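Analysis of the macromolecular model
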Amino acid sequence: MKLKKSILVIALMFLLASPALNPSSNAFGSQATNTGHQSSHDQDISHSTDHGTDSHADASSGHGSDGHSSHGHANLGESLPLWSCIPFAMMLLSIALLPLIAESFWHHHFGKISAFWAASLALPFLYVFKGEAMYQILHIILADYVPFIILLWSLFTVSGGILLRGSLRGTPVVNTVMILIGALLASWMGTTGAAMLLIRPFLRANEYRKNRTFMVVFFIFLVANIGGSLTPLGDPPLFLGFLHGVSFFWTFNIMPHMLVSAGILLVVYFILDTYQYKKEGVLAPDDGEKQPLRLVGTYNFLFLGGIVGAVLLSGMLDWGEVTTLGVHRALLDWLRDGFLIIMGILSLWATPKQLREENEFTWFPIVEVAYLFIGIFITMIPCLLLLKAGDKGSLAFIINAVKEPYHYFWITGVLSSFLDNAPTYLTFFNTALGSFYSGLTEAQSVPLLMSEKAIYLEAISAGAVFFGACSYIGNAPNFMVRSIAMEAGTPMPSFFGYILKYSLVFLIPTFVVVSLVFF
């Protein structure tokens, strides 16, 4: 019954938002279409997010002399105060503190808490800005949240039907190799895809180990984030750059940055795992005759390939746009979302229930992410609008401070740790274009940025991708991996515990090295 309900909810969510319900009417006044095919930025065939968001390309729009954007909407970021970000901060504090001080209450009511903070932003926002606020809320739901959660759901569902059987025990060498394989896969199937595929085998291989927390954290660092930095398929900001003219294989320019980061973290991980392995003194349980490793449910790789292909094609082709409740999206984005739902449903139909049970598959992780991230996305609206306002908004002191490559690396990175890394990438991408090639079109300036000022684009790209590992909400798979690990019995640090005990201790020093060497 729960399975049927899950499928029904996903299908209804898609159908209710479908352009077929509103193919051309505009319920909220005159709203010009977005220029070109500028959506599908949640395409972390992994995802969509930093969150994995969609349609952030309009962040690049210029400002008209009348104070409106080129798409016909008032630039609310120019008038919003900085304190409008308080609901977002309170949402993050709830995620960070309530599981620690009121664990039972949080576990039973986290969806209501998310809804409360979303309403605390949405209601006064609608009261003050009326139709324009309604557009912003609908935009982030239809163009960002819906494709984000559909992508996550499809990858979560399909990967849950792939089971690794056999004798696999998590020694330091085995664990390091598994994380390395995941990091390599992440650039080609996305960080979410790679993380969802490998986290369950990784957890089962180490279920006999006493201290598993640091293992999952380093898995998040490398598989769910840094590993996705080599191609636009790996992480949403890079896919967004690809849609704006950055060539597909240009991102190989940040391979040295990735190798340094991943190399340092893998060595540190191996040392930590070796130390803990010896300290625990726990021997791998003897299950009798060793069974060879084999994958079951391999037909799900067809569905996984379909998801990756659909995401890539939706960014490369342009079949025009449709309007849904005043929000403009590419027709291919809607078709992609529908196709991803079909892939997930086919996986559920083709995979025996017993196989998913053996894989310890449940719906709780995706339900938790869906409930929490709708609150995060809605309360994040003022923060994104302030970023889009550039030097005309309350965050102008940040935008104007960016001059050198290392400025781009650190400021893009720090903001990407807590906000959606797709619009953050685009904000500083356009800041660089405006600083060096003012007056040129995007088609003229992007090739010059890739060649003459490549170090700036490298800094923006590396910052947006790498720093997603710094918090649970820095990238969508982070929270998914955490939920799956906790459900499997692995204790995970709190929101601030993750940052203080791991990100500041391991990631930030690594990024300092990257900054000193390359920027």
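In what follows, the structure referred to is the one given above.
Presented here is an overview of the structure given in this document. Each chain has its residues counted from 1, running along the sequence as written. Owing to the predicted nature of the model, reporting of local features is limited to residues with pLDDT of at least 70; listing and counting of side-chain atom pairs is limited to 80 or more, with chain, interface and lining totals taken over all residues. With hydrogens and water excluded, all non-hydrogen atoms of the structure serve as input to the side-chain values.

1. What to know about the overall build of the protein
Under the DSSP-based scheme used, a helix requires at least four consecutive residues in state H or I and a strand at least two consecutive residues in state E, with every element numbered from the N terminus. Tallying secondary structure elements over the protein gives 20 helices and four strands in all. Going through the 519 residues of the protein one by one, you find that 60% of them count as buried. For accessible areas, the Shrake-Rupley method is used with a probe of radius 1.4 Å. Any residue's cover is judged against the shown protein chains and nothing else. When the accessible area of the protein is evaluated, it comes to approximately 19,800 Å², of which 69% is carbon and sulfur surface. For every residue, the accessible area obtained with a 1.4 Å probe (protein chains only) is divided by the maximum for its type, and the residue is called buried under 20%, exposed over 50%, and partly exposed between those limits.

2. Considering the packing of aromatic side chains
Pairing of aromatic side chains here covers Phe, Tyr and the six-membered ring of Trp, requires ring centres within 6.5 Å, and sorts the geometry by plane angle: under 30 degrees stacked, over 60 edge-to-face, intermediate tilted. As enumerated under the stated definition, the model contains 41 aromatic pairs in all. Ring geometry for F148 and F377: centres 5.0 Å apart, planes at 40 degrees, overall tilted. Of this pair, F148 sits in helix α3 (residues 103-159) while F377 is found in helix α12 (residues 364-379), placing the two residues 229 residues apart along the sequence. Overall, F148 belongs to the buried group, its relative accessible area being 0%. In this structure F377 comes out as buried when scored by relative accessible area, which is 1%.

3. Description of helix α18 (residues 454-466)
One less than the residue count of a helix, multiplied by 1.5 Å, gives the span that helix is expected to have. With 13 residues, α18 should reach 18 Å at 1.5 Å per residue; the first-to-last C-alpha distance of 18 Å fits that figure. By the criterion of burial, α18 is predominantly enclosed, with twelve of the 13 residues buried. Contacts are residue-level and defined by heavy atoms, with any inter-residue pair within 4.5 Å sufficient. The elements touched by buried residues of α18 are α7 (236-243), α8 (255-280), α15 (405-416), α16 (421-436), α17 (442-451) and α20 (495-518).

4. Focus on the side chain of T431
By secondary structure assignment, the location of T431 is in helix α16. According to the relative accessible area criterion, T431 is buried, its value standing at 17%.

5. Focus: the environment of E321
Positionally, E321 belongs in strand β3 (residues 321-324). When its relative accessible area of 31% is taken as the criterion, E321 is described as partly exposed.

6. Quick look at the pairing of strand β4 (residues 327-330)
Because side chains alternate across β4, one face comprises the buried residues V327 and R329, and the other comprises H328 and A330, equally buried. Note on pairing: two strands pair once DSSP finds at least 2 bridges between them. Strand direction decides the pairing type here: β3 and β4, joined by four bridges, are antiparallel. Looking across to β4, one finds that E321 is bridged to A330. The hairpin formed by β3 and β4 contains two residues between the paired strands, and L325 there has a positive phi angle of roughly 50 degrees.

7. Examining the packing of α3 against helix α13 (residues 381-388)
At their nearest, the axes of α3 and α13 sit 11 Å apart, and the two run at 75 degrees to each other. The orientation of α3 with respect to α13, classified from their angle, is roughly perpendicular. Where α3 abuts α13, its residues L121, F125, Q136, I137 and I140 lie against I381, P382, L384 and L385. Of the residues that constitute the contact of α3 with α13, the class distribution is eight nonpolar, one polar and no charged. With axes taken as lines fitted to C-alpha atoms, and helix axes fitted only over the stretch in contact, angles between N-to-C directions fall between 0 and 180 degrees. Geometric relationships in this document are graded by angle, where less than 35 degrees denotes roughly parallel, more than 145 denotes roughly antiparallel, 65 to 115 denotes roughly perpendicular, and other angles denote oblique. Ten residue types, Ala, Val, Leu, Ile, Met, Phe, Trp, Tyr, Cys and Pro, are classed as nonpolar, four, Asp, Glu, Lys and Arg, as charged, and the remainder, Gly among them, as polar.

8. Some details on the environment of L346
Within the secondary structure, L346 sits in helix α10 (residues 331-350). It is 9.8 Å that separates the C-alpha atoms of L346 and T157, two residues lying 189 residues apart in sequence.

9. Quick notes on the pattern of salt bridges
We define a salt bridge as a side-chain nitrogen of Lys or Arg found within 4 Å of a carboxyl oxygen belonging to Asp or Glu. Evaluation of the coordinates by the stated rule reveals seven salt bridges. Notably, a salt bridge pairs E280 with R209, separated by 2.9 Å at the nearest N-O pair. In this pair, E280 sits in helix α8 while R209 sits in the loop between α5 (191-205) and α6 (213-222), placing the two residues 71 residues apart along the sequence. When the shortest N-O distance is used, the salt bridge between R336 and D333 registers 3.3 Å.

Everything listed here is a matter of geometry and, on its own, says nothing about what the molecule does.
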